[in-house]
Amino acid sequence: MPELPEVETVRRSLLPVVLAKPISSVDIFTERIVQNRPADEFRDLLVGRSFVDLTRRGKYLLFALEGGWELVAHLRMTGRLIYYSSPSIPLAKHTSAVFRFGAEGELRFEDVRKFGTLDLVPAGDYRSVKGLYTLGVEPLSEAFTLDRFQELVHGRKTKIKSLLLDQTKIAGLGNIYADESLFMAGIHPERSAESLTAEELERLHTAIREVLQLAIEHQGTTFRDYRTGFGREGSFQNQLQIYGKKGEECPRCGVSLQYRKVAGRTSHFCPHCQREQP
Ligand SMILES: [Zn+2]
């Protein structure tokens with residue numbers, strides 16, 4: 001599933017090619033992709049307008065439109081937003097929606113599992129998009145200070161891995177980058193959040209930001225479905241330290257890496273570098 005670095009990579013790749021091009025038509029092939037209004041109303045509101053900005057919050061892409069509207073996109077499990085400069089390139093089998101820019105190419109939402117979503121909202125009014133409305137702090141922003149992180153963790157008995165995955169606390173972390181951050185910081189995923197020492201919290205705070213930044217530099221992690229806005233694979237899968245490497249040697253100490261279900265997600269860790277009991 002695309003996490004913050006993948007969605008940010010899609011944003012950066014699309015930004016130079018989708019702005020200031022009037023939308024000439026919109027095709028919706030999967031009706032349920034449009035969440036908060038009927039598909040025909042969605043189309044009518046979009047046609048004739050241009051995207052004027054493209055930003056990101058957590059795993060959401062926010063396309064600002066002329067006239068005070070905003071298109072909110074979430075890729076969920078297998079969604080891809082890809083720009084095609086020529087409409088003559090055949091549609092992929094699992095295309096859910098197409099935004100055409102006349103002779104200026106088109107933006108296609110491709111999605112094998114069809115869990116991806118599109119919402120059209122008045123700019124900045126996210127009340128109808130619950131996951132976006134309740135999003136927590138942006139981990140690469142200045143607002144994510146060590147103090148803020150300490151406040152989020154303070155007095156919480158929940159497992160630290162669960163807390164990292166909670167989008168209402170920190171926006172955009174998923175299974176891959178939570179595991180990589182915890183490994184970098186040397187913290188077991190099942191430690192209770194409140195048990196972390198000030199030093200461990202500082203290490204984890206730094207690790208989260210470093211891992212995300214590094215993954216963006218490598219254009220995200222492609223295991224199967226994720227592609228950039230130009231349809232290319234990311235390369236951070238070649239930099240991963242422990243995610244998906246159960247049974248392999250820990251890159252730091254050589255002990256065999258383990259995995260366990262934590263918060264319903266397969267969590268990878270080194271039993272030597274990430275002690276269950278501090
Ligand atoms: Zn180790």
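Quick caveat, the model's predicted, so the values are computed rather than measured.

1. A short note on the overall build of the protein chain
Inference 1: A tally of helices and strands in the protein chain yields seven helices and ten strands.
Inference 2: Its C-alpha atoms give the protein chain a radius of gyration of 20 Å, within 12% of the compact-globule value 19 Å for 278 residues.
Inference 3: Along the first, second and third principal axes, the C-alpha set of the protein chain runs to 60 × 35 × 30 Å.
Inference 4: A buried classification covers 51% of the 278 residues belonging to the protein chain.

2. Regarding a nonpolar patch on the surface
Inference 1: A cluster of nonpolar side chains, namely Met1, Met77 and Phe115, defines an oily patch on the protein surface of about 280 Å² accessible area.
Inference 2: For Met1, a relative accessible area of 46% puts it in the partly exposed group.

3. Some points on the sheet that holds strand 6 (residues 95–100)
Inference 1: Pairing is antiparallel in the open sheet, where four strands are placed in the order 1-6-7-5. The two strands at the open ends of the sheet, each matched to only one other strand, are strand 1 (25–28) and strand 5 (79–84). On average, each strand axis in the sheet is tilted by 10° relative to the strand beside it, whichever way the strands run.
Inference 2: Across four bridges, strand 1 lies against strand 6 in antiparallel orientation. If you follow Ile28 over to strand 6, its bridge partner there is Ala97.
Inference 3: Each of strand 5 and strand 7 (106–111) touches helix 1 (residues 4–18); the most contacted strand, strand 5, lies at about 30° to it.

4. Comments concerning helix 4 (residues 146–153)
Inference 1: Where helix 4 is concerned, the buried positions are Phe149, Leu152 and Val153. The buried side chains of helix 4 occupy one side of the element, clustering within an arc of 90° when seen end-on. Counted as exposed and oriented over 90 degrees from the buried face of helix 4: Asp147 and Glu151.
Inference 2: Packing partners of the buried residues in helix 4 comprise helix 5 (160–165) and helix 7 (198–217).
Inference 3: In the segment just after helix 4, Gly155 is the residue with positive phi, at about 70°.

5. Remarks on the packing of aromatic side chains
Inference 1: With the rule as written, the count across this model stands at seven aromatic pairs.
Inference 2: Connected via pairs of aromatic rings, a cluster forms that spans Phe42, Phe51, Phe63, Phe99 and Phe101.
Inference 3: The side chain of Arg108 reaches across the aromatic face of Tyr84, ending 4.1 Å from its centre.
Inference 4: One cation-aromatic arrangement involves Arg252 over Phe183; the distance from NZ or CZ to the ring centre is 4.4 Å.

6. Topic: the domain arrangement of the protein chain
Inference 1: Considered domain by domain, the protein chain is made up of domain 1 (4–133) and domain 2 (146–269).
Inference 2: Centre-to-centre, using C-alpha coordinates, domain 1 lies 28 Å away from domain 2.
Inference 3: The partner domain 2 presents 20 residues to the 19 residues of domain 1 that form the contact.
Inference 4: For the pair domain 1 and domain 2, the two sides together bury roughly 1600 Å², of which 65% comes from carbon and sulfur.
Inference 5: For the pair domain 1 and domain 2, the interface holds zero salt bridges.
Inference 6: Here domain 1 and domain 2 share six residue pairs in polar contact (both at pLDDT 80 or more) between them.
Inference 7: Listed by contribution, the elements that provide at least two residues to the side of domain 1 that touches domain 2 are helix 1 and strand 5.
Inference 8: The biggest single contributor to the side of domain 1 that touches domain 2 is helix 1, with ten residues.
Inference 9: Class assignment for the residues of the side of domain 1 that touches domain 2 results in nine nonpolar, four polar and six charged.

7. Some remarks on the coordination of the zinc ion
Expected angles at a metal are 109.5 degrees for tetrahedral coordination by four donors and either 90 or 180 degrees for octahedral coordination by six donors.
Inference 1: Bound to the zinc ion on the protein side are Cys250 (SG), Cys253 (SG), Cys270 (SG) and Cys273 (SG), at distances that span 2.2 to 2.4 Å.
Inference 2: Taken together, the four donor atoms coordinating the zinc ion span angles of 102 to 113° at the metal, a pattern that classifies the geometry as tetrahedral.
Inference 3: Sequence spacing of the donors to the zinc ion: C-x2-C-x16-C-x2-C.
Inference 4: Using a relative accessible area of 0% as the deciding quantity, one classes Cys270 as buried.
Inference 5: Take Cys273: its relative accessible area is 17%, and that puts it in the buried class.

About the cut-offs
- Residues numbered from 1 in each chain as written.
- Predicted model: local features only at pLDDT ≥ 70, side-chain atom pairs only at ≥ 80, totals over all residues.
- Heavy atoms only, no water.
- Helix = DSSP H or I, 4+ residues; strand = E, 2+ residues; numbered from the N terminus.
- Rg over C-alpha atoms; globule rule 2.2 N^0.38 Å.
- Buried < 20%, exposed > 50% of the residue type's maximum accessible area, 1.4 Å probe, protein only.
- Patch = residues over 30% accessible without salt bridge, like charges linked within 9 Å, V, L, I, M, F, W, Y side chains within 5 Å.
- Areas by Shrake-Rupley, 256 points an atom, 1.4 Å probe, with all protein chains shown as cover.
- Salt bridge = Lys/Arg side-chain N within 4 Å of Asp/Glu carboxyl O.
- Pairing = 2+ DSSP bridges.
- Axes fitted to C-alpha atoms, helices over the stretch in contact; angles between N-to-C directions.
- Contact = heavy atoms within 4.5 Å.
- Arc of directions from axis to C-beta.
- Phe/Tyr/Trp six-rings, centres within 6.5 Å; stacked < 30°, edge-to-face > 60°.
- Lys NZ or Arg CZ within 6 Å of the ring centre and 35° of its normal.
- Domains from an automatic or database assignment.
- Buried area = accessible area lost by both parts, 1.4 Å probe.
- Polar contact = N/O pair within 3.5 Å; in protein donor to acceptor, adjacent residues only side chain to side chain.
- Nonpolar A, V, L, I, M, F, W, Y, C, P; charged D, E, K, R; others polar.
- Donors = N, O, S within 2.8 Å, 3.2 Å for Na, K, Ca; no water.
- Tetrahedral: all angles 85-135°; square planar, octahedral: opposite > 155°, others 65-115°.

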